[in-house]
Amino acid sequence: MGYNIGLIPGDGIGPEIINEAVKVLDAVADKYGDDFNYSRLFLGGASIDAYGVPLTEETVAKAKEQDAVLMGSIGGDAKTSPWYRLEPSKRPEAGLLGIRKALNLFANLRPAVLYKELSGACPLKEELTEGGFDFMIMRELTGGLYFGERKTYEENGIRTAMDTLVYNEDEIRRIAIKAFETAKRRNNKVTSVDKANVLDSSRLWRSVVEEVSKDYPGVMLEHMLVDNCAMQIVRNPKQFDVILTENMFGDILSDEASMVTGSIGMLASASLNDTSFGLYEPSHGSAPDIAGQNKANPIATILSASMMLRFSLDLAMEADAIDRAVAIVLEEGYRTVDIMSEGNTLLGTKEMGDMIAGKIKR
Ligand code: NAD
């Protein structure tokens, strides 16, 4: 069957890691008889260089025509790149915020996976992580404190600032549905994280999540306060399957979760709207310090491509094949420089892509 996939190579290491993901997608297409039609889209610094702005209407229109979009990474070195002499609304990052908004991407998924072969990179004690862990953070991306009314003012000569945290039940319901649907494809557990002992918005969050859970009798629901969740991620990360949470809590918890895996070059992510469409990208940035040197780890992008097949194109068999190929390559001791340790074999970006694609073709 034919699928339209938008590709945003972006900046820095973006084009290198996207090339490797396409290599792997092509291997999957060959093996399973899928037909992937790629369209290249400009965003971020590459778009500034080509069109003078970080996001064009053409990119938005083309993205909307795709079944899903796979992105490398955007941005440059803020100290040296001319992009950062532009006003903030014209810099690369504004393009990313703009496309997320234009595509109404309200759900952000960040898997936190520790492969047993990479457990040496995990800063937690071995007995807490033995055998690895695998959970997913589902973060609300377009509401809450980052989008509420805010102001800075003086009251009786005292500088004062105010931010507001607002959620309505529809915003909570649609992300809760995504979390339960995701848990159904995984291990059937949702941990909804809030601060319901203090915040009204959290009490509404909790009650709407309870309502949604009634439609998913096969998925276990638990509630956890955010301060406890921050502790539990470092104390017992193996207990989690899908963590569902609002924007700011998710921002903080997903960075904590990525730190406990210890390997930024391995972490995929997805941003979804209420159709099957999604924007998929590695969690890391454009790593300008190693761009063009064949050193970048392409695995986060390859795993983002696997998420794309699973969540947007409904190609679970093909996604499983990619995940398995990555696991085999790690088991066989192949490493890029960021995850290298003694006794393993060092590969460059291209060679890692070849190796993973080769395991799929077998
Ligand atoms: P970064 O993630 O790009 O790099 C942090 C460190 O991790 C660097 O030492 C880098 O070499 C290393 N690293 C990152 N990805 C790697 C990979 N795949 N393989 C091997 N090593 C890897 O973060 P930064 O340096 O803070 O940001 C660089 C640029 O990326 C900035 O312009 C920033 O705005 C942008 N950025 C973009 C996104 C995005 O596109 N979603 C996300 C984060 C940062």
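Residue numbers here run from 1 along each chain, matching the order of that chain's written sequence. In keeping with the predicted nature of the model, local features appear solely for residues at pLDDT of at least 70, side-chain atom pairs appear and are counted solely at 80 or more, and the whole-chain, interface and lining totals rest on all residues. Calculated side-chain values reflect all of the structure's heavy atoms, with hydrogen atoms and water omitted.

**What to know about the site of the ligand**
Test applied: A cutoff of 4 Å decides nearness: a residue is near a molecule or strand if any of its heavy atoms lies inside that distance of it. Here a polar contact is recorded for every N or O atom pair within 3.5 Å, except that within protein the pair must consist of a potential hydrogen donor and a potential acceptor, and residues adjacent in sequence are included only if both atoms are side-chain atoms. In short, Shrake-Rupley with a 1.4 Å probe defines the accessible areas, and a residue's cover is counted only from the protein chains shown. Only DSSP runs of H or I reaching four residues or more are called helices, and only runs of E reaching two or more are called strands; each is numbered from the N terminus. In this classification, the charged set is Asp, Glu, Lys and Arg, the nonpolar set is Ala, Val, Leu, Ile, Met, Phe, Trp, Tyr, Cys and Pro, and all remaining amino acids, among them Gly, are polar.
Around the ligand, the structure places 22 residues, and the nearest of them are Gly76, Glu93, Gly285, Ala287 and Asn297. Note that an oxygen atom of the ligand is positioned 2.7 Å from one of the backbone N or O atoms of Gly76. Residue Glu93 places a side-chain N or O atom 2.5 Å away from an oxygen atom belonging to the ligand. Notes on the ligand: free accessible area 810 Å², of which the protein chains cover 68%. Elements with a minimum of two residues in the shell around the ligand: β3 (68-73) and α4 (92-102). Partitioned by chemical class, the residues of the shell around the ligand number 10 nonpolar, eight polar and four charged.

**Focus on a nonpolar patch on the surface**
For clarity, the cut-off: The patches described consist of residues with a relative accessible area above 30% and no salt bridge, like charges being joined within 9 Å and nonpolar side chains (Val, Leu, Ile, Met, Phe, Trp, Tyr) within 5 Å. Put simply, a salt bridge is a Lys or Arg side-chain nitrogen that is within 4 Å of an Asp or Glu carboxyl oxygen. Remark: exposure states derive from per-residue accessible area (1.4 Å probe, protein chains only) relative to the maximum for the residue type, with buried under 20%, exposed over 50%, and partly exposed in between.
A cluster of nonpolar side chains, Val337, Met340 and Leu346, forms an exposed patch at the surface whose accessible area comes to about 260 Å². Here Met340 is to be found in the loop between β13 (334-335) and β14 (345-346). Accessibility expressed as a relative area gives 33% for Met340, which makes it partly exposed.

**Quick word on the domain arrangement of the protein chain**
Stated precisely, the cut-off is as follows: These domain boundaries are the output of an automatic or database domain assignment.
Partitioning the protein chain into domains gives domain 1 (1-107 + 266-362) and domain 2 (123-260). Viewed at the interface, domain 2 and domain 1 are joined by zero salt bridges. Our count for the domain 1 to domain 2 interface comes out at four residue pairs in polar contact (both at pLDDT 80 or more). For the side of domain 1 that touches domain 2, the elements supplying multiple residues, two or more each, are β11 (268-272) and α10 (299-311). The biggest single contributor to the side of domain 1 that touches domain 2 is α10, with three residues.

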